[in-house]
Every structure is written in C-alpha cells, then in structure tokens.
Amino acid sequence: MTPALWNIEQFRENVFRYAEELTDDPDNPVPKERVILQLDRDPEFQTILQKWHKLCGAEKVRDWKRVLALAETHAREILPSCLMCGECCRHGSPTLHVEDLELLRQGKIPWGALYTLRRGEPVHSPFKDELVFLVDERIKLREKPGGRQCLFFDGDTQECTIYADRPLQCRAQACWDPKPGEELTAQPYLTRKDIFGEVDVLWDLLEEHDRRCAFEKLTAAFKALEETRGEAVDQVLDLLAYEDHFRNFVAEKLNIPRSQLELVFGRSFADLVQVFGFRVDVGPDGTRVLVPDAPSEEAKEE
Ligand code: SF4
C-alpha cells in the first residue's frame, strides 16, 4: 500500500519495519530499538508524526521520503550516549566491579540480587560466541528465570528500574560500540573477598567450601560417570549431597538468608549439573536421582 493511504498506525508500523531493515546487517552493531529511539527524539520526525493524520496523499508521500532519510541518518550517526533502549539489559546482566561495592553498601542494589560465578565455572564469553572457564570468580546481578534479561529490566516499560544507581558496567558499555565494554575488563572486578574478607569465620568457611566443593571436582565426577558408563553415579550424588549439606549447614549456623546463598557460596552443584546435560530429580522419599537433560545456556560474563 502506498504511504498516501497509511493511517497513523500503518505509518508507525512502517517506520519500525524500515528501522529493522536498516539494522538487519550482521556487521551493523546498532540495535533497531536504538534507531527508533533516536528517531523518536528527532524534532522533524515528531512534527511529521503529529501532523500525519491531517496530510493529504501527496504530502504523506513527500514526508515519508523525508522520514526514510532521517532514519538512515540515525542508523549511521549514533548519538554517543545511552538512550535507555534496553539492548544491553535484554542480553544479560552486568558483572560487578569493586567500584560497585558502594552501591551495595548504600542499599541501592540488594544483596539478594547478586550471585557468584566461582573460579573454574563455564560461562559464555561476551566477546566470542564460545564457552570459557573462569580463571577468577565474578559476581553478577541475577538474570530473570529462564532467560538472560537482567533482573532489573522492566519488560513493560522496557526500562531499567535502578537506572540512576546502575552498576559501572551498565554506565560504561555502549550498545553501538564494543570498545568501552572491552576497556572495562582492566577495572578490578568485585569478588567475595571484597565483601566478606573481613568476616573471619565466614571467610574461612568459604575458603573451605571452595577447596572441598571446587567445580573441578564436579567435572572429575562427571568424567568418571562417563568413563564407567554410569557406574560411578554415586560419586556424583555424594558430591551433590555434600555440597548441599555444607551450604545449608553454614547458612543455618550463621543465619545467612536463603536469598543470599548464591552470592555467598555461588551456584549449587545441584544447579550446575545442567552444564553436563543432567538435572537432579528428588523422589517422594527424598532420594536424589540424576536424570539426563538438555544442557542449558550458561550465564554470560560481561
Ligand atoms: S542494571 Fe539496569 S542498565 Fe544494567 S543491565 Fe540491568 S536493567 Fe540494564
């Protein structure tokens, strides 16, 4: 249908479609939401939008050509600032840096919104599409269950609910340019030592947990399971039971809230078995069973 016959909804749909076409190129890092937002803030576009319903057919065709030109300009000339398009927030949550500790201490970000990826755990590299094994631990904001969206991204408004107090990575990264995000890797990352290092009793127990329940031990147990064609299943189950007992015992003794267990001890072995293509089912009598499952996507380090 010619633009001469479009009503305002059709005009908007076609703007959206054109922005999609402009940003469809895999070499173009600019997300379409970003182009739409820039266009939306363009006074000339706003003038056309406001008067669209009053225009005659010929004027609509003339102004539509102008909108196409504006969209092309905005896809090419990206404003060097965050417009809250939500692109970064939809594809993962941030990894925290030492600088973010103040936000946590001030209560701007709740402790229960964090989790730890321990040394040796597999994560998706943000720079290459591959799994990497962490040489040092990382602390991240949680993602929404079953996906990668940051916990603080509001799906209705498409906005960050803690924007004024968002972590360093969110303030630094730019959806149109990967460089600032890469440069951020030179900044010191937040670790549990920064948070709990001065609480001697807890810190000693965390070190003990890391020694006895290292991810490498889980890897070794699954390797044995594979080599013995399932005979060594008890080795895996014993490790799961031990790790579970350790975290729950310490949590109870030290009154650690359940919402903070994944920050204090990292993800449980029971959750990490997904990395190896299994899940843990618990029978009516409480017996744990290891069941083959589809491997899940791991957390993305950013
Ligand atoms: S904290 Fe806010 S800005 Fe950062 S990823 Fe989450 S929703 Fe986006």
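Residues numbered from 1 in each chain as written. Predicted model: local features only at pLDDT ≥ 70, side-chain atom pairs only at ≥ 80, totals over all residues. Heavy atoms only, no water.

The chain goes by Putative zinc-or iron-chelating domain-containing protein in an unreviewed UniProt entry, where it is assigned to Desulfacinum hydrothermale DSM 13146.

Taken domain by domain, the chain consists of domain 1 (3–76), domain 2 (87–191) and domain 3 (193–292). Each of domain 1 and domain 2 has a C-alpha centre, and the two are 33 Å apart. With 5 residues of domain 1 at the interface, the matching set in domain 2 holds 4 residues. At the junction of domain 1 and domain 2, the tally comes to 0 salt bridges. Residues belonging to the side of domain 1 that touches domain 2 are distributed by class as follows: 3 nonpolar, no polar and 2 charged. (Domains from an automatic or database assignment. Contact = heavy atoms within 4.5 Å. Salt bridge = Lys/Arg side-chain N within 4 Å of Asp/Glu carboxyl O. Nonpolar A, V, L, I, M, F, W, Y, C, P; charged D, E, K, R; others polar.)

On to a negative patch on the surface, then. Taken together, the side chains of Glu21, Asp24, Asp25 and Asp27 make up a negatively charged region of the molecular surface. Among the secondary structure elements, Asp27 is positioned in the loop between helix 1 (8–22) and helix 2 (32–40). Judged by its relative accessible area of 69%, Asp27 is exposed. (Patch = residues over 30% accessible without salt bridge, like charges linked within 9 Å, V, L, I, M, F, W, Y side chains within 5 Å. Areas by Shrake-Rupley, 256 points an atom, 1.4 Å probe, with all protein chains shown as cover. Lys, Arg positive; Asp, Glu negative; His and termini not counted. Charge placed at Lys NZ, Arg CZ, Asp CG, Glu CD. Helix = DSSP H or I, 4+ residues; strand = E, 2+ residues; numbered from the N terminus. Buried < 20%, exposed > 50% of the residue type's maximum accessible area, 1.4 Å probe, protein only.)

Scanning the entire structure with this criterion turns up 22 salt bridges. For Arg142, the salt bridge is made with Glu262, and the minimal N-O distance between the two is 2.9 Å. With Arg142 in the loop between strand 4 (138–141) and strand 5 (153–154) and Glu262 in helix 13 (residues 261–264), this pair connects stretches of sequence that are 120 residues apart. Just as Arg142 is buried, Glu262 falls in that class too. Taken together, the shared-partner salt bridges in this structure form one network comprising Arg118, Glu121, Glu137, Arg192, Asp210 and Arg267.

For Ser93, the position within the fold is in the loop between helix 5 (87–90) and helix 6 (101–105). When its relative accessible area of 1% is taken as the criterion, Ser93 is described as buried. In terms of polar contacts, Ser93 uses its side chain to reach the backbone carbonyl oxygen of Leu141, at 2.6 Å. (Polar contact = N/O pair within 3.5 Å; in protein donor to acceptor, adjacent residues only side chain to side chain.)

The next subject is the site of the ligand. Looking at the ligand, the residues that line it are Cys89, Pro94, Leu141, Cys150, Phe152, Phe153, Cys160, Ile162, Arg166, Pro167 and Cys170. When the residues that make up the shell around the ligand are grouped by side-chain class, the tally is 10 nonpolar, no polar and 1 charged. (Near = heavy atom within 4 Å.)

Moving on, we come to the environment of Gly230. Inspection of the secondary structure puts Gly230 in the loop between helix 11 (215–227) and helix 12 (233–253). On a C-alpha basis, the gap between Gly230 and Leu79 in space is 57 Å, while along the polypeptide they are 151 residues apart.

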